[in-house]
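Coordinates in review
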Amino acid sequence: MQLIHETESSHIGGQAVRFLLEENEKIHVLHPQQIIAFKGLPGNRSDRLMNIKGMYRKKKLIQADLKGSCEFVAALPASYSMKPIELSPESDLLYDFRHLFFYTEGVTMQTRILNMKNMLITRDAVKMKFSGSGQIGILTEGQVCEVALDPEEPLYVDAGSVVAYPENARMELSVYGNHLASQHMSYQWKMTGSGKVILQAGRQSHRLEQDLGSDGIVKRFLREVIPFGGVFIK
């Protein structure tokens, strides 16, 4: 299967991703309303109801199952990117299911119920672990980057920017830097372990756009002076 980004995203137009499926390849699309063009035999697309878990996690009812040979085009919002990830049986990354756009045949899913500490840190009770042979497509805000973990030296990452992390990772809520730095940053995940963390850059980009916008001098002053002002003063 091939993915081709047809256009660069813009503030008004979004972007399109073209999927090329060879004979007998199968893909499951969890946002079928985003398919804006299809070429192939009409019977190569079959929509069906998601299972109960999928309905709950995605807040949607229908998914589309497509098989090759065919091609189709999916539209994405302007601020979002599509990240294809090749899986292996050893994959141990935990994802938020709402980021999932598609998965191919051969991918298996396992529900992971987080312990109480990680529930409080991630504000979520369940993550999904994908494994098997195939691909998944992750929707992210802005560009995606991967950062390696170390068993001893902690990595601090913005809590709202994490898309996926290894199941073995040890986490705690934290801030870092001096007193002024810790007052003005968002909550961080302090992480150690092995493997890589997948991050999205869009959330912090939105904050920079706000800072460069037309906020008055009083609001900007209060946001900088009040502890956690950047969190509470929008």
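Residues numbered from 1 in each chain as written. Predicted model: local features only at pLDDT ≥ 70, side-chain atom pairs only at ≥ 80, totals over all residues. Heavy atoms only, no water.

As annotated in an unreviewed UniProt entry, the protein chain carries the name AIM24 family protein and is attributed to Paenibacillus zeisoli.

1. Here's the deal with the overall build of the protein chain
Scanning the protein chain from N- to C-terminus turns up 6 helices and 19 strands. Residues classed as buried in the protein chain amount to 41% of the 234 residues present. Put simply, of all contacts in the protein chain between residues at least 6 apart along the chain, 70% involve residues at least 24 apart. (Helix = DSSP H or I, 4+ residues; strand = E, 2+ residues; numbered from the N terminus. Buried < 20%, exposed > 50% of the residue type's maximum accessible area, 1.4 Å probe, protein only. Contact = heavy atoms within 4.5 Å.)

2. A few points about the nonpolar core
Counting residues in each nonpolar core, the largest one holds 18 residues, and the members touching the most others are Ile 85, Tyr 95, Leu 100, Phe 130, Ile 136, Ile 138 and Ile 198. Where this core is concerned, the elements lending two or more residues are strand S8 (80-87), strand S9 (93-95), strand S10 (100-104), strand S12 (126-132), strand S13 (134-141) and strand S16 (162-166). Counting 16 residues, the second largest nonpolar core, distinct from the first, contains Leu 21, Ala 64, Leu 66 and Phe 102. (Core = buried A, V, L, I, M, F, W, Y, C linked by side-chain atoms within 4.5 Å.)

3. Side note on the side chain of Ser 91
By the secondary structure assignment, Ser 91 is in the loop between S8 and S9. Every residue in contact with Ser 91, bar those within four places of it in the chain, is listed here: Lys 129, Phe 130 and Ser 131.

4. Structural notes on the sheet that holds strand S5 (residues 45-49)
The strand order across the open sheet built from 6 strands is S5-S6-S3-S10-S13-S8, with neighbouring strands paired in antiparallel fashion. Of all the strands in the sheet, the pair left with one neighbour each is S5 and S8. When strand polarity is set aside, the average angle formed by the axes of neighbouring strands in this sheet is 20°. Two strands pair when backbone bridges link them, and S10 and S13 are joined in this way by 3 bridges, in the antiparallel orientation. Residue pairing for S13: Tyr 103 is matched across the bridge by Ile 136. (Pairing = 2+ DSSP bridges. Axes fitted to C-alpha atoms, helices over the stretch in contact; angles between N-to-C directions.)

5. Section: the pattern of salt bridges
Inspection of every chain in the model, using the stated rule, returns 8 salt bridges. In this structure, Lys 83 and Glu 146 form a salt bridge, with 3.7 Å as the shortest nitrogen-oxygen distance. Of the two residues, Lys 83 sits in strand S8 while Glu 146 sits in strand S14 (residues 144-148), which places them 63 residues apart along the sequence. Close ionic contact of Glu 146 with Lys 196 constitutes a salt bridge, the shortest N to O distance being 4.0 Å. With Glu 146 in strand S14 and Lys 196 in strand S19 (residues 196-200), this pair connects stretches of sequence that are 50 residues apart. You can call Glu 146 partly exposed: its relative accessible area is 41%. Here the residues in one salt-bridge network are Lys 83, Glu 146 and Lys 196, joined through shared partners. (Salt bridge = Lys/Arg side-chain N within 4 Å of Asp/Glu carboxyl O.)

6. Considerations on the environment of Leu 76
Within the secondary structure, Leu 76 sits in strand S7 (residues 70-76). Overall, the relative accessible area of 5% leaves Leu 76 in the buried class. Those residues within four positions of Leu 76 in sequence are excluded, and the remaining contacts are Gly 14, Gln 15, Val 17, Ser 81, Met 82, Phe 101 and Leu 139.

7. Points about the packing of aromatic side chains
Summed over all chains, the structure comprises 5 aromatic pairs. Between Tyr 95 and Phe 130, the ring centres sit 5.5 Å apart and the planes meet at 55°, which makes this aromatic pair tilted. Remark: Phe 130 occurs in strand S12 and Tyr 95 occurs in strand S9; sequence separation between them is 35 residues. The pair formed by Tyr 95 and Phe 130 is uniform in burial state, with each residue classed as buried. (Phe/Tyr/Trp six-rings, centres within 6.5 Å; stacked < 30°, edge-to-face > 60°.)

8. Focus on the sheet that holds S14
Pairing in this open sheet of 6 strands is antiparallel, and the strands run S11-S12-S9-S16-S19-S14 from one edge to the other. Where the open sheet ends on each side, the last strands, each with one partner, are strand S11 (107-113) and S14. Each strand of the sheet is rotated relative to its neighbour by a mean of 30°, with strand direction disregarded. Sheet topology places S14 next to S19; 5 bridges connect them, and they run antiparallel. Bridged to Ala 148 within S19 is Lys 196.

9. Thoughts on the pairing of strand S18 (residues 188-192)
Most of S18 is tucked away, with 4 of its 5 residues classed as buried. Bridge count between strand S15 (residues 155-158) and S18: 4 bridges; the pairing is antiparallel. Within S18, the residue paired with Val 157 across the bridge is Trp 189. Relative to S18, strand S17 (residues 170-174) runs antiparallel, the two sharing 5 bridges. For Leu 173, the partnering residue across the bridge sits in S18 and is Trp 189.

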